[in-house]
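Here are the chains, one letter per residue:
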Amino acid sequence: MARKPVGLPPGVEIRGDALRIRFTWNGERRGETLTHPPTAQGIKAASRLRDQVVNLIRHGLLDDSKYAELFPGSDLALAAVAAIPSFGEYTQLWLDSRHIVAGTRNNYKSVFNLYWMPYLGLRRIDMITPTMLRGIIAKIEWASAGVKRNAIIKLASVFKTAVLDGLIAKNPTASLDKPKAVKKVVDPYTRDEAERIIEHLYKTLRKYSQIYAPFFEFAFFTGVRPGEAMGLQWDDIDLEARTANIRRIIVDGQPEDRTKTKHHRVILLNQRAIHALGKARRLADLRRMASKSATPTSPFVFQPGKGGMWIREPSVTIKHFKLALTALSIRERRQYDTRHTYATMCLMAGMNPAFIANQLGHSVEMLLSTYAKWISSSSDWRELEKLPARV
């Protein structure tokens, strides 16, 4: 039985070696045992706490969260703690709720499983601190600053959502230093190198592999990304208007109706792009006439080897590209640099940067910052000539 000495404040009672306060909340009589000892000072503290609770109830400000904060040992608080997920559970929930394509989802999974789950997977998400994260980051042998930056950014996204969900008060990654993004070096092929590569591919490729000659001619003279060229279909082409609708990309072997920037774009086709499409069409017609099976004709412009409807892996095109570079003794760069080649050829020809940016799917600002070197080199002498000579 609780003892209630004379003079004990209202709602405060002694229970063994502890104090308990009583109050009514949501129409229910409640009692919570405190850690305060049954001393004069402890009784005063218990009375102040009860007055605070009664005041919150009177103004309708006592909710489950505040109750758990005031009484961390209560059943309500313990139930709330039990409901807080581990980092692994929450990250899986976070990932499942995101509307992203399979390739992006797999990339996220790979980063989390490789770097964060071994250390944080079973830990309650609200128990993860900045100091803990710093220790983990120091332990990991990062392949590069870019990899480290990418992993921390993905981790920060999870904690940002956890804050919004009310699971944690602050994002523990907020104070972490992220390595600065290192801008990739633009290393295009020259116009002469591009022409030699295209000529070599047309001369040497045979049978089904012939399609990779117009593939690279189209890439060099439109600036489309390799994955965008792989995803191009005949329905995307308007030869009368001389345009192509870039709205698809091949990701993990499958066509996705999106581009890297998530925005479709319509590009204008120059004579070399039209030539490449003509070659691709003739190869498709020959394939159809030679086929003795009921295999349907591929809707994709650059149909690969026998039985394939579209180019599934960049390794296929890279193989033919590298063989050409080796045969021609041309310094090796990425096949993606066909895109940079087109951009720099256009700039060196004095084309309007706004037009080039639209063709590439860039902003003008990004174009100017990425290719500033070539903009300058194409106009430096013309700018110098504006200074009149003094005789």
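Above: the structure in question.
Residues numbered from 1 in each chain as written. Predicted model: local features only at pLDDT ≥ 70, side-chain atom pairs only at ≥ 80, totals over all residues. Heavy atoms only, no water.

1. What to know about the overall build of the protein chain
For step 1, the next point in the chain: In terms of helices and strands, the protein chain carries 16 helices and 8 strands.
For step 2, the next point in the chain: Expressed as a percentage of its 391 residues, the buried residues of the protein chain come to 43%.
For step 3, the next point in the chain: Counting contacts in the protein chain only where the partners sit at least 6 residues apart, residues at least 24 apart contribute 59% of the total.
For step 4, the next point in the chain: As presented, the protein chain carries roughly 22600 Å² of accessible surface, and 55% of it is formed by carbon and sulfur atoms. (Helix = DSSP H or I, 4+ residues; strand = E, 2+ residues; numbered from the N terminus. Buried < 20%, exposed > 50% of the residue type's maximum accessible area, 1.4 Å probe, protein only. Contact = heavy atoms within 4.5 Å. Areas by Shrake-Rupley, 256 points an atom, 1.4 Å probe, with all protein chains shown as cover.)

2. Quick look at helix 9 (residues 212-220)
Residues spaced three or four apart along an α-helix face the same direction, because each turn holds 3.6 residues.
For step 1, the next point in the chain: Judged by how many residues are buried, helix 9 sits mostly within the fold: 9 of 9 residues are covered.
For step 2, the next point in the chain: Among all positions of helix 9, only Tyr212, Ala213, Pro214, Phe215, Phe216, Glu217, Phe218, Ala219 and Phe220 are buried.

3. Regarding the packing of aromatic side chains
For step 1, the next point in the chain: Counted by the stated rule, this structure contains 19 aromatic pairs.
For step 2, the next point in the chain: Geometrically, the ring pair formed by Tyr67 and Phe71 is tilted, given 5.0 Å between the ring centres and 55° between the ring planes.
For step 3, the next point in the chain: Residue classification places Phe71 among the buried positions, given a relative accessible area of 3%.
For step 4, the next point in the chain: Each ring, one from Trp116 and one from Trp142, has its centre 6.1 Å from the other, and the planes form 55°; the classification is tilted. Taken together, the residues Trp116 in helix 5 (residues 102-120) and Trp142 in the loop between helix 6 (130-139) and helix 7 (145-164) connect sequence positions 26 residues apart.
For step 5, the next point in the chain: Overall, the relative accessible area of 17% leaves Trp142 in the buried class.
For step 6, the next point in the chain: Three or more aromatic residues link up through ring pairs in this structure, and these residues are Tyr189, Phe215, Phe216, Phe218, Phe220, Phe302 and Phe321.
For step 7, the next point in the chain: Looking at Lys154, its charged tip hangs above the ring of Tyr108, at a distance of 4.7 Å from the centre. (Phe/Tyr/Trp six-rings, centres within 6.5 Å; stacked < 30°, edge-to-face > 60°. Lys NZ or Arg CZ within 6 Å of the ring centre and 35° of its normal.)

4. Structural notes on the packing of helix 13 (residues 337-348) against helix 14 (residues 353-360)
For step 1, the next point in the chain: Two elements in contact, helix 13 and helix 14, have axes whose closest approach is 10 Å; the angle formed by their N-to-C orientations is 165°. On the basis of their axis angle, the class for helix 13 and helix 14 is roughly antiparallel. Pair helix 13 / helix 14 crosses with right-handed handedness. Contact with helix 13, carried on its side by Arg339, Tyr342, Ala343, Cys346 and Leu347, involves Ile356, Gln359 and Leu360 of helix 14 and no other residues of that element.
For step 2, the next point in the chain: A per-class count over the contact of helix 13 with helix 14 returns 6 nonpolar, 1 polar and 1 charged. (Axes fitted to C-alpha atoms, helices over the stretch in contact; angles between N-to-C directions. Parallel < 35°, antiparallel > 145°, perpendicular 65-115°, else oblique. Left-handed = near helix turned anticlockwise from the far one by under 90°. Nonpolar A, V, L, I, M, F, W, Y, C, P; charged D, E, K, R; others polar.)

5. Focus: the pairing of strand 5 (residues 243-246)
For step 1, the next point in the chain: Relative to strand 5, strand 4 (residues 237-238) runs antiparallel, the two sharing 2 bridges. Each residue of the ladder has a partner; that of Ile237, found in strand 5, is Ala244.
For step 2, the next point in the chain: If you look at the hairpin formed by strand 4 and strand 5, you'll find 4 residues sitting between the two strands, and Arg242 has a positive phi there, around 60°.
For step 3, the next point in the chain: Sheet analysis places strand 5 next to strand 8 (residues 265-268), joined by 4 bridges and oriented antiparallel. Among the inter-strand pairings, Asn245 is bridged to a residue of strand 8, identified as Val266. (Pairing = 2+ DSSP bridges.)

6. Observations regarding helix 13
For step 1, the next point in the chain: In a regular helix each residue adds 1.5 Å, so 12 residues correspond to 16 Å; helix 13 covers 16 Å between its end C-alpha atoms and thus fits that length.
For step 2, the next point in the chain: Among the 12 residues in helix 13, 11 count as buried, and that is most of the element.
For step 3, the next point in the chain: For helix 13, the complete set of buried residues consists of Asp337, Thr338, Arg339, His340, Thr341, Tyr342, Ala343, Thr344, Met345, Cys346 and Leu347.
For step 4, the next point in the chain: Count one or two residues on from helix 13 and you reach Gly350, which has phi positive near 85°. (Expected span 1.5 Å × (residues − 1).)

7. Notes on the sheet that holds strand 3 (residues 28-33)
For step 1, the next point in the chain: Read across the sheet, 3 strands follow the order 1-2-3 without closing on themselves; strand pairing throughout is antiparallel. Each edge of the open sheet is held by one strand with a lone partner, namely strand 1 (12-15) and strand 3. Within the sheet, the average angular offset between the axes of one strand and its neighbour, ignoring direction, is 30°.
For step 2, the next point in the chain: Where strand 1 meets strand 2 (residues 18-25), 4 bridges bridge the pair, whose relative direction is antiparallel.

8. Re a nonpolar patch on the surface
For step 1, the next point in the chain: Together, Leu268, Met351 and Phe355 give the surface a local cluster of nonpolar side chains, amounting to about 250 Å² of exposed area.
For step 2, the next point in the chain: Mapping Leu268 onto the fold places it in strand 8. (Patch = residues over 30% accessible without salt bridge, like charges linked within 9 Å, V, L, I, M, F, W, Y side chains within 5 Å. Salt bridge = Lys/Arg side-chain N within 4 Å of Asp/Glu carboxyl O.)

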